[in-house]
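Listed below are the residues making up each chain.
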Amino acid sequence: MLEFVRKGLLASLGAAVVTKEKIESVTRKWVDDGKISTEEAERLANELVGSGQRQWEELQTKILDTVRKALENLDLVTKTEIETLSRRIDTLEKRLAELEEKEPSSLGD
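Predicted model, so just to flag it, every value in this text is computed and none were measured. (Residues numbered from 1 in each chain as written. Predicted model: local features only at pLDDT ≥ 70, side-chain atom pairs only at ≥ 80, totals over all residues. Heavy atoms only, no water.)

### Describing the overall build of the protein chain
- Of regular secondary structure, the protein chain possesses four helices and zero strands.
- Moving toward the C terminus, one meets the helices and strands of the protein chain in the order α-α-α-α.
- Across the 109 residues of the protein chain, 9% fall into the buried class.
- Counting every atom, the protein chain has about 9,400 Å² of accessible surface; 56% of that belongs to carbon and sulfur. (Helix = DSSP H or I, 4+ residues; strand = E, 2+ residues; numbered from the N terminus. Buried < 20%, exposed > 50% of the residue type's maximum accessible area, 1.4 Å probe, protein only. Areas by Shrake-Rupley, 256 points an atom, 1.4 Å probe, with all protein chains shown as cover.)

In structure tokens, the structure reads:
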């Protein structure tokens, strides 16, 4: 599932880059055609690219929140929980080994 989301995000990022190039291309053409000035073209391109970036960031945040909520609903064990349990197991194994060393005959019977 995460791989699917990652690929979707990367595809969207590619679309955002193409959009920036297209915006710059169109504004250059308008300048060449005398429809707008170079300053206006630059300002327009910056505004459109900035707006696109903000929308992209909002989309990323929404997607990540949705994925995070979906994973929470799956009731999966977290890395922290696994590490905590692993430390507890290590501690118990050490204590058991110490007890076996002290009284080897009473534990086996």
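### With respect to the side chain of T27
- Its place among the elements puts T27 in helix α1 (residues 2-32).
- From its side chain, T27 meets the backbone oxygen of E24 in a polar contact 3.0 Å long. (Polar contact = N/O pair within 3.5 Å; in protein donor to acceptor, adjacent residues only side chain to side chain.)

### Observations concerning the pattern of salt bridges
- Tallying each qualifying case throughout the model produces two salt bridges.
- A salt bridge links R68 to D65; its shortest N-O distance comes to 3.1 Å. Taken together, the residues R68 and D65, both in helix α2 (residues 38-73) and three residues apart, mark about one turn of the helix.
- We classify D65 as partly exposed; its relative accessible area is 33%. (Salt bridge = Lys/Arg side-chain N within 4 Å of Asp/Glu carboxyl O.)

### Points about the confidence of the model for the protein chain
- Looking at the protein chain, the pLDDT average stands at 81 and 78% of residues meet or exceed 70.
- Mean pLDDT across the elements of the protein chain ranges from a minimum in helix α4 (residues 104-108), with 58, to a maximum in helix α3 (residues 79-102), with 96. (pLDDT = per-residue confidence, 0-100.)

### Considerations on unusual backbone geometry
- Even without being a glycine, D75 presents a positive backbone phi close to 60°.
- By the element assignment, D75 lies in the loop between α2 and α3.

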